[in-house]
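Structural features, examined
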Amino acid sequence: MGLKLSRLVVTHFRNLENDLFNFGPRLNCIFGPNGNGKTNLLEAIYFLTNRKSFRKNASFPQMLSINGDNPEILFQALLTENEDKTSVAGRIKQDEAVWYINQEVTKKKIGLYSVFINPFDSGTFHTSTSFRREWFDYHLGLIDPDYKKILNAYTKQLRMKNNLLSEKPKYFEAQITALNSEMAQNMESITVKRLGFLKEIKSFYTAMFKELFSEAHELEVILMSKFSGKTALEIAKMMQENLPRELKTGHSTLGIHRDDFILHFDGLNSFDYCSLGQQKMAFLSLIFAYIELFRYKFMSYPLVLIDDVSGELDQLRWKNLIGFLKSKDFQVFITTANENFRFELETIESALKIQLKDGKMVQDMTLKQELSHGRSGN
């Protein structure tokens, strides 16, 4: 079954109260009006598993509760896998973070990751080259730590090169030539890994679209790069030939940091030829395809965090999504402000409901228990 998050207590995190959250192994539906902490709870789970926020540029002061007596955020969690239990704790401060696994200090992550799904990102994914590149870089880095190391090295080299091009110190051209050679080796490795990742995930997303939405469409992600099939020597030559242009602009104009990923829908660019609904469906299919690839790689699903999709899908696609979640074995945390959404959850055995109000848990029970409780009170 893989690791599951069974319990969580988080203190001084945004507007969340110091509650004990008990979670079910399958679907956990988090209800409440907007502004009551639903997304904050997803963020806390994501931070616990990935040690970073899914919000862009989220700093410690932003995450720290304004009501906290001490400037620190505390995490306590229980993970389960079959009969095995693992305790996790964390103490986060402005300038340090200390994590514990089974009461022992550790620098290792807990071995459980989470994927955050915000359908509003679909619009940004289809309109922003940098967002697409960052999306693929981050998710590829999760399943291939070596890719993340190489990409980080390239980013540092790029920063050094841009500083040299901007400041032009003595002998800077010789330094740039040496840097270009080092960067070219990393660019070859990054390009090969990107192409390999796209080849692996391709076997999942067309089938995922049909499974999710009961429609047959051909999806494919294309890497738009000048470096596909090029060796490090060939790339270094290209970079040296481009140096006169960079000397004029004062910054790097050639590299894998300018590559793009284009999503094709039935052979056409999804941004140019698809409706907004089709774009959102394709984006969701890509995310769930990645989740399946993750499981294929690690024999275990990540946690799936879905933030308020009810307003983004029509009723039929909404029901298809619920049916899809019902058929899967991954642990899901899904938020909604739409009370009508809960009736679809009646079809899922042991779906857990968590009601939040002003960051505090009002109740948590299975829908079956809730309905029984409601009948007994009539």
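Structural data are supplied above this passage.
What comes next is a walk through the structure. (Residues numbered from 1 in each chain as written. Predicted model: local features only at pLDDT ≥ 70, side-chain atom pairs only at ≥ 80, totals over all residues. Heavy atoms only, no water.)

**Quick look at helix α4 (residues 129-143)**
Over its 15 residues, α4 extends 22 Å from the first C-alpha to the last, a length consistent with the 21 Å expected when each residue adds 1.5 Å. Counting buried residues along α4, 11 of its 15 residues qualify, which places the element largely inside the surrounding structure. Among all positions in α4, only F131, R132, R133, W135, F136, D137, H139, L140, G141, L142 and I143 are buried. (Helix = DSSP H or I, 4+ residues; strand = E, 2+ residues; numbered from the N terminus. Expected span 1.5 Å × (residues − 1). Buried < 20%, exposed > 50% of the residue type's maximum accessible area, 1.4 Å probe, protein only.)

**Digging into the pairing of strand β14 (residues 352-357)**
Within β14, 5 of the 6 residues are buried, which leaves it mostly tucked inside the rest of the structure. Pairing of strand β3 (residues 27-31) with β14 involves 4 bridges; the strand directions are parallel. Bridged to I30 within β14 is I354. (Pairing = 2+ DSSP bridges.)

**Concerning the side chain of K38**
With respect to the secondary-structure elements, K38 resides in helix α1 (residues 38-50). The side chain of K38 is buried and forms no salt bridge, while D308, the nearest opposite charge, is found at 5.4 Å. Among residues more than four places away in sequence, those in contact with K38 are I30, F31, G32, P33, T335, T336, A337 and L356. (Lys, Arg positive; Asp, Glu negative; His and termini not counted. Salt bridge = Lys/Arg side-chain N within 4 Å of Asp/Glu carboxyl O. Contact = heavy atoms within 4.5 Å.)

**Topic: the pairing of strand β12 (residues 303-307)**
Buried residues dominate β12, accounting for 5 of its 5 residues. Alternating positions in β12 separate into two faces, L303, L305 and D307 on one and V304 and I306 on the other, with burial throughout. Pairing of strand β8 (residues 114-117) with β12 involves 4 bridges; the strand directions are parallel. Along β12, the bridge assignment pairs F116 with L305.

**Topic: the sheet that holds strand β4 (residues 73-81)**
Spatially, β2-β1-β4-β5-β6-β7 is the arrangement adopted by the 6 strands of the open sheet, whose pairing is antiparallel. Edge positions in the sheet fall to β2 (20-22) and β7 (104-106), since each has one partner strand and no second. Neighbour-to-neighbour, the strand axes of the sheet open up by a mean angle of 20°, direction not taken into account. Both strand β5 (residues 84-92) and strand β6 (residues 97-101) contribute to a ladder of 5 bridges, which runs antiparallel. (Axes fitted to C-alpha atoms, helices over the stretch in contact; angles between N-to-C directions.)

**A word on the pattern of salt bridges**
Applying the stated criterion across every chain, the model contains 15 salt bridges. In this structure, the salt-bridge partner of D259 is R194, at a minimum N-O distance of 3.4 Å. With D259 in the loop between α8 (243-249) and β10 (260-265) and R194 in helix α6 (residues 172-213), the pair connects residues that are 65 residues apart, well separated along the chain. E292 is paired through a salt bridge with K328; the nearest N and O atoms lie 3.4 Å apart. One end of the pair, E292, is in helix α10 (residues 276-298); the other, K328, is in the loop between α11 (315-327) and β13 (332-336), and 36 residues separate them in sequence. Each member of the pair E292 and K328 is classed as buried. When salt bridges that share partners are traced, they join R14, E43 and R55 into one network.

None of the figures reported here should be taken as evidence of function without further support.
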